[in-house]
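Geometric and topological summary
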Amino acid sequence: MDIQLIQLFVNGLAVGSIIALAAVGLTLTFGILRLPNFAHGDLMTAGAYLTLAANMTGLDIWLSMAIGGLGTAGLMLVSEKLVWQPMRDRRATSTTLIIISIGLSFLLRNGVILIWGSENQTYRLPVMPALDVWGVRIIYSKVIVMILAVMAIATVHFILQRTKVGKAMRAVADDLDLARVSGIDVEWVVLCTWLLAGVLTGVSGGLYGLITAVRPNMGWFLILPLFASVILGGIGNPYGAIAGALIIGVAQEMSTLLIPSEYKLAVALGIMMAVLLVRPQGLFRGTLS
């Protein structure tokens, strides 16, 4: 039983690390743009399929993931210019934005099915033996996932705390109108936000494809854990989103000791509901500071 608990904990850390990357992208767009983007999970899926497309040409999986991340960022920038900027100009309500994002998610998912089909697919990877650590079998790809997630999170921390664009993002998140009158180019910050969120989301989709099959609905089933992580950590707080994602990931995997694995998404829903009832602001202050 002890080995099984450790195994599930490691699995939860791997899944939580992937959710953390996408959750940071979601909380950035949520905190800065005030956009609850329900298409975020399907953008993860797009990142996984763009990674798959690059990998099938014979490119190394890591280079393929970089291409997938940049391609996802490109999709987000296109959606910003065609959809979100016009909606902001028209001062669309949150309800309207939510409905549009759900429609965009269906468009992305069916576009993936149209191009790549509905069958499960996998990357072309060399066969690597599982690591045996004190009796715990750890798949090599999960170790890589956690290492890359830590590196990406460290990069986000550096960008937010040490760069000009990061400080501008934090200013816009705190008070958009004050940031604008202070001379900050808000539209430039918005584009940088989409770019950073897109790369993180695309890479997270590519990493998720490493530990599961690449399939059209892979991101849709992660949208609930994504929002649960953002709400648990505090909306607009990337560090809170990371902590929330790790908690959600571990809790979901550990719950399979008590409930069938197909119901583990209910754990994310339960945690989200409990947080909204007990501490709606989340575990941490909901800003980018």
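This text gives an overview of the structure that appears in the document.

Cut-offs used in this document
Residues numbered from 1 in each chain as written. Predicted model: local features only at pLDDT ≥ 70, side-chain atom pairs only at ≥ 80, totals over all residues. Heavy atoms only, no water. Salt bridge = Lys/Arg side-chain N within 4 Å of Asp/Glu carboxyl O. Buried < 20%, exposed > 50% of the residue type's maximum accessible area, 1.4 Å probe, protein only. Helix = DSSP H or I, 4+ residues; strand = E, 2+ residues; numbered from the N terminus. Patch = residues over 30% accessible without salt bridge, like charges linked within 9 Å, V, L, I, M, F, W, Y side chains within 5 Å. Areas by Shrake-Rupley, 256 points an atom, 1.4 Å probe, with all protein chains shown as cover.

1. Here's the deal with the pattern of salt bridges
What the rule picks out here adds up to 4 salt bridges. The residue E80 makes a salt bridge to R88 at a minimum N-O spacing of 2.6 Å. Accessibility expressed as a relative area gives 29% for R88, which makes it partly exposed. In this structure, R88 engages E187 in a salt bridge whose closest nitrogen and oxygen atoms are separated by 3.4 Å. Taken together, the residues span a long stretch of sequence, with R88 in helix α3 (residues 61-89) and E187 in helix α8 (residues 186-211) at a distance of 99 residues. Here the salt bridges do not stand alone but share partners, grouping E80, R88 and E187 into one network.

2. Structural notes on the side chain of E253
Here E253 lies in helix α10 (residues 238-254). Residue E253 is classed as buried on the basis of its relative accessible area of 9%.

3. Comments concerning a nonpolar patch on the surface
On the surface, a cluster of nonpolar side chains totalling about 230 Å² of accessible area is made up of L59, L63 and I67. For I67, the location among the structural elements is in helix α3.

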